[in-house]
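Residue-level listing of the chains:
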Amino acid sequence: RNAAWYADTNLSANVALQDGALAARINGRSNGSEVSAEFDLPNLFDITAETRLDLTAKLANSQAGTLLGQMGLDSLPFDGDSDATLSLDLHQDGSQPARTAMVYATDRTRISAKGTAALSAEGFGEGRFEVALKSEDLEPTLLTAGIGLPQFGLGLPADMSATLAVAPQTVRFEDIRGQVGGNGVGGTVTVDRTAATA
């Protein structure tokens, strides 16, 4: 349903196969987003070796709404934040969960997550992450993502952190702490992944 956000995509890849390893370098543009990525599988053709994977990727777009749409959100055509970037670093050694770091940043807002995630077909994406949010004004990001709040337009500075646990049945934000709009916040939020959506 978000395919339209990838219009006018033009990517090129430089792929190398050597000594049982595969490496790819990808560059180009997608709907105004600058795309760059590096992908390495050093043991791809060694069936006796443990799996190793290294991936780094970055998208950058002057329009934050476009990048949010490419991230899978229901982005609205709102002139919100600018100079948006999304970066991902992922490293896996053997059968252990992959070490993962992701950062979304604009001229006013920065959201980061760092932890481990499962890459196997069973339990893909499950893991535990330390997440942080810091924003001079979170309102433009929320509105672009389709979330409106009372008294919109007054500004909403935020500085928060939490632990994110992704499990088969739930997504749980634990040990939430920080401030939103000058008010202290804390607690736990659990989302039921099996609940039907309207």
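Before reading on, note that the structure itself is shown above.
Computed from a prediction, not measured in an experiment: that's the story for all the values here.

Trainee: A description of the overall build of the protein chain should follow, citing residues and the corresponding values.
Mentor: When helices and strands are counted, the protein chain shows two helices and 11 strands. The order of helices and strands in the protein chain, counted from the N terminus, is β-β-β-β-α-β-β-β-β-α-β-β-β. Its C-alpha atoms put the protein chain at 60 × 35 × 30 Å along the principal axes. Taking all 198 residues of the protein chain together, the buried fraction comes to 31%.

Trainee: Can you explain the sheet that holds strand 11 (residues 183–192)? Please cite residues and give values.
Mentor: With antiparallel pairing, the 11 strands of this open sheet are ordered in space as 1-2-3-4-5-6-7-8-9-10-11. Sheet topology places strand 1 (9–18) and strand 11 at the edges, where each strand pairs with a single neighbour. Each strand of the sheet is rotated relative to its neighbour by a mean of 10°, with strand direction disregarded. Bridging between strand 5 (residues 82–93) and strand 6 (residues 98–105) involves seven bridges; their strand directions are antiparallel. Across the sheet, leucine 86 pairs through a bridge with tyrosine 104, a residue of strand 6.

Trainee: Describe in detail the pairing of strand 4 (residues 52–63), supporting the description with residues and values.
Mentor: Looking at chain direction, strand 3 (residues 33–41) and strand 4 are connected through seven bridges and run antiparallel. By the bridge assignment, glutamate 38 is partnered in strand 4 with threonine 56. When strand 4 meets strand 5, the two strands line up antiparallel, connected through 11 bridges. By the bridge assignment, alanine 57 is partnered in strand 5 with leucine 88.

Trainee: Let's hear about the pattern of salt bridges: which residues, and what values?
Mentor: Should their charged atoms come close, side chains of opposite charge can pair. Going through the model one piece at a time under the given rule, you end up with 10 salt bridges. The partner of arginine 29 in a salt bridge is glutamate 34, with the nearest N and O atoms 2.2 Å apart. A relative accessible area of 38% means that arginine 29 is categorised as partly exposed. Residue glutamate 34 is classed as partly exposed on the basis of its relative accessible area of 41%. Here glutamate 174 ties to arginine 172 by a salt bridge, and the two come within 3.3 Å at their closest N and O atoms. By relative accessible area, arginine 172 is classed as partly exposed at 33%. Overlapping salt bridges, with partners in common, bring together Arg25, Glu38 and Asp40 in one network.

Trainee: Give a description of a nonpolar patch on the surface that names residues and reports values.
Mentor: Taken together, the side chains of Val15, Leu17, Leu44 and Phe45 define a hydrophobic patch exposed on the protein surface, amounting to about 410 Å² of accessible area. Its place among the elements puts phenylalanine 45 in the loop between strand 3 and strand 4. Residue classification places phenylalanine 45 among the exposed residues on the basis of a relative accessible area of 54%.

Each value, and the rule that gives it
- Residues numbered from 1 in each chain as written.
- Predicted model: local features only at pLDDT ≥ 70, side-chain atom pairs only at ≥ 80, totals over all residues.
- Heavy atoms only, no water.
- Helix = DSSP H or I, 4+ residues; strand = E, 2+ residues; numbered from the N terminus.
- Buried < 20%, exposed > 50% of the residue type's maximum accessible area, 1.4 Å probe, protein only.
- Pairing = 2+ DSSP bridges.
- Axes fitted to C-alpha atoms, helices over the stretch in contact; angles between N-to-C directions.
- Salt bridge = Lys/Arg side-chain N within 4 Å of Asp/Glu carboxyl O.
- Patch = residues over 30% accessible without salt bridge, like charges linked within 9 Å, V, L, I, M, F, W, Y side chains within 5 Å.
- Areas by Shrake-Rupley, 256 points an atom, 1.4 Å probe, with all protein chains shown as cover.

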